[in-house]
2 protein chains.
Amino acid sequence: MTPERYATIKRVLDQRQPDLTVITDEVHKGRNLSAIMRNCDAVGIDCMHCVVPQRGFRNFRGTDLGTHKWVDAEVYDSIDQPIDKLQKQGFQVVAAHLSDDAVDYREVDYTKPTALLMGTEKEGVSSEALAAADTHVTIPMVGMVESFNVSVACAIILVEAQRQRQLAGLYNTSRMDPDRYRTRLFRWCQP
Amino acid sequence: MTPERYATIKRVLDQRQPDLTVITDEVHKGRNLSAIMRNCDAVGIDCMHCVVPQRGFRNFRGTDLGTHKWVDAEVYDSIDQPIDKLQKQGFQVVAAHLSDDAVDYREVDYTKPTALLMGTEKEGVSSEALAAADTHVTIPMVGMVESFNVSVACAIILVEAQRQRQLAGLYNTSRMDPDRYRTRLFRWCQP
Ligand SMILES: C[S@@+](CC[C@H](N)C(=O)[O-])C[C@H]1O[C@@H](n2cnc3c(N)ncnc32)[C@H](O)[C@@H]1O
Ligand SMILES: C[S@@+](CC[C@H](N)C(=O)[O-])C[C@H]1O[C@@H](n2cnc3c(N)ncnc32)[C@H](O)[C@@H]1O
């Protein structure tokens, strides 16, 4: 490992945001999950939370989630589990959802501990998850197609969260739990 | 056709932005081109400009570009053609590119006539296109992976353009050429 690579790894770990995450509610296409992970990495998310449809479970673990090196994925089989767990840890759950009573996604304060909840490709966020979420946000659209691709919508909202957090100085000091930091550092330095 | 559907079509056409477009520089994966089109539709782009790699040409016309109903695609075989054409029409060409001398994508004024140039999946924007572009913009990232998926990056920048144009009132009056408007209206009303 070159000193430059080591410095990059440390710089990235120093900017990880332990209080920002994504929950996917039965997003099932491997390429969408992979793209969402890539978005998570880009804004400093260390771990995402995926509710995986029963049938797809085995498939995902290996190919898309388990093998990804930079972002961890915790897998659940029902949506109440990650919502409940994160809310108990003080996270607000923000559901990305296309409805008239959702607010513009730029109106939310993402400097608070936040879990962004994304819905499945066809049906969107389940009614159970909508009821449990703290806020519903929407990205305004002016076209004929009614929604963005789920990984695209996820990125648009995460980049706004990143912008707010950058302004608030949340990327300026290392905020990850020291044990977790050391574990990641060790794993990422493996070839 | 229901009166509601007709009203939706007219509302969408009334918000189309004749002076906003996307150029793709050999983006070749069908699903990326489709996702980029979906982004274009969402922010009111009527027509995009695609440089298609020689070999892929026949493939795209049918499956991804030609059949899309809401956004037109003009196809070229070299990048200087759409850049030259659009610059002569008064468009600024803004290349999305990961480099140190690129500016933050939020610093550009997208209320001017703008063509957003996206690079190919592996190599990014060609050096020829970078030289011809008026500005290079970048979306800041803090992770290990060095880039976003191309359709994701495209959406992030287009949504910023949309935000600026909404503030400037550019969605408030119909701005499309009347002949083109009538042609679209007729086509979109076909079952
Ligand atoms: C392809 S969309 C699902 C569309 C589904 N027909 C619906 O009405 O919810 C998949 C997910 O992407 C997110 N999404 C897509 N476009 C969005 C938008 N404009 N605003 C907020 N979230 C969006 C939502 O989380 C949604 O559940
Ligand atoms: C997958 S990237 C290509 C990466 C390529 N290795 C490079 O260095 O350009 C495909 C295209 O997405 C756009 N893109 C991806 N991430 C971006 C970012 N953070 N800022 C600006 N454009 C980006 C650019 O247009 C790029 O050419």
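In this text the structure is predicted, and so the values were computed from the model without any measurement.

K.L.:
I'd like a rundown of the site of ligand 1, residues and numbers included.
P.N.:
Around ligand 1, a shell composed of 21 residues is seen, among which A:A96, A:G119, A:I139, A:E146 and A:F148 lie nearest. Lying at an intersection of chains, ligand 1 is approached by residues of chains A and B. A distance of 3.0 Å separates an oxygen atom of ligand 1 from a polar backbone atom of A:G119. In this structure, A:I139 approaches ligand 1 through a main-chain N or O atom, which is 2.9 Å from a nitrogen atom. At the level of secondary structure, the elements contributing two or more residues to the shell around ligand 1 comprise β7 (135-138) and α6 (150-167) of chain A. Residues of the shell around ligand 1, tallied by class, amount to ten nonpolar, six polar and five charged.

K.L.:
Hey, could you go over unusual backbone geometry for me, with residue numbers and the actual values?
P.N.:
Residue and element names in this part refer to chain A. In this model, E26 sits at a positive phi of 65 degrees, which is unusual for a non-glycine residue. Among the structural elements, E26 can be located in the loop between β1 (20-25) and α2 (30-43). Looking at E26, the relative accessible area reads 33%, which means it is partly exposed.

K.L.:
Before we move on, could you go through the packing of helix α1 (residues 3-14) of chain A against helix α7 (residues 178-189) of chain A and cite the residues and values that matter?
P.N.:
Residue and element names in this part refer to chain A. Across the interface, α1 lies against α7 with an axial gap of 11 Å and an inter-helix angle of 145 degrees. Taken as a pair, α1 and α7 cross one another with a handedness that is right-handed. In this structure, α1 contributes Y6, I9, K10, V12, L13 and D14 to the contact, and α7 contributes Y181, R184, L185, W188 and C189.

K.L.:
How would you sum up the interface of chain A and chain B? Please name residues and give values.
P.N.:
Each partner contributes residues to the interface: chain A has 35 residues there, and chain B has 35 residues. Of the roughly 2,900 Å² buried between chain A and chain B, counting both surfaces, carbon and sulfur atoms make up 68%. Viewed at the interface, chain B and chain A are joined by twelve residue pairs in polar contact (both at pLDDT 80 or more). Elements that contribute at least two residues to the side of chain A that touches chain B include exactly α1, α2 and α6 of chain A. No other element matches the eight residues that α6(A) contributes to the side of chain A that touches chain B.

K.L.:
Before we move on, can you summarise the pattern of salt bridges with the specific residues and values?
P.N.:
Proximity of charged atoms lets side chains of opposite charge pair with each other. Residues and elements named next belong to chain A. Tallying each qualifying case throughout the model produces 24 salt bridges over all chains. Of the charged contacts in the structure, one is a salt bridge between D46 and R180, with a shortest N-O distance of 2.6 Å. Taken as a pair, D46 in the loop between α2 and β2 (47-51) and R180 in helix α7 lie far apart in primary sequence, 134 residues in all. In this structure D46 comes out as buried when scored by relative accessible area, which is 5%. One salt bridge connects R106 with D104, and the closest N-O pair in it is separated by 3.0 Å. The class for D104 is partly exposed, based on a relative accessible area of 22%. Shared partners join several salt bridges into a network, and the residues in it are D46, D72, R180, R184 and R187.

K.L.:
Go over the site of ligand 2 with me, naming the residues and quoting the values.
P.N.:
Residues in contact with ligand 2 amount to 21 residues; listed here are only the nearest, B:A96, B:G119, B:I139, B:E146 and B:F148. More than one chain reaches ligand 2: the nearby residues come from chains A and B. Contact between ligand 2 and B:A96: an oxygen atom at 2.7 Å from a main-chain N or O atom of the residue. Secondary-structure elements contributing two or more residues to the shell around ligand 2 are β7 (135-138) and α6 (150-167) of chain B.

K.L.:
How would you explain the sheet that holds strand β4 (residues 92-96) of chain A if you had to name every residue and give the values?
P.N.:
Residues and elements named next belong to chain A. With respect to topology, seven strands assemble into an open sheet ordered β3-β2-β1-β6-β4-β7-β5, the strand pairing being parallel. In this open sheet, the two edge strands, each paired with only one partner strand, are β3 (72-76) and β5 (103-104). Taken together, the three bridges between β4 and β7 define a ladder with parallel strand orientation. Bridged to A95 within β7 is H136.

Scoring rules and cut-offs
- Residues numbered from 1 in each chain as written.
- Chains lettered and ligands numbered in written order.
- Predicted model: local features only at pLDDT ≥ 70, side-chain atom pairs only at ≥ 80, totals over all residues.
- Heavy atoms only, no water.
- Near = heavy atom within 4 Å.
- Polar contact = N/O pair within 3.5 Å; in protein donor to acceptor, adjacent residues only side chain to side chain.
- Helix = DSSP H or I, 4+ residues; strand = E, 2+ residues; numbered from the N terminus.
- Nonpolar A, V, L, I, M, F, W, Y, C, P; charged D, E, K, R; others polar.
- Buried < 20%, exposed > 50% of the residue type's maximum accessible area, 1.4 Å probe, protein only.
- Axes fitted to C-alpha atoms, helices over the stretch in contact; angles between N-to-C directions.
- Left-handed = near helix turned anticlockwise from the far one by under 90°.
- Contact = heavy atoms within 4.5 Å.
- Buried area = accessible area lost by both parts, 1.4 Å probe.
- Salt bridge = Lys/Arg side-chain N within 4 Å of Asp/Glu carboxyl O.
- Pairing = 2+ DSSP bridges.

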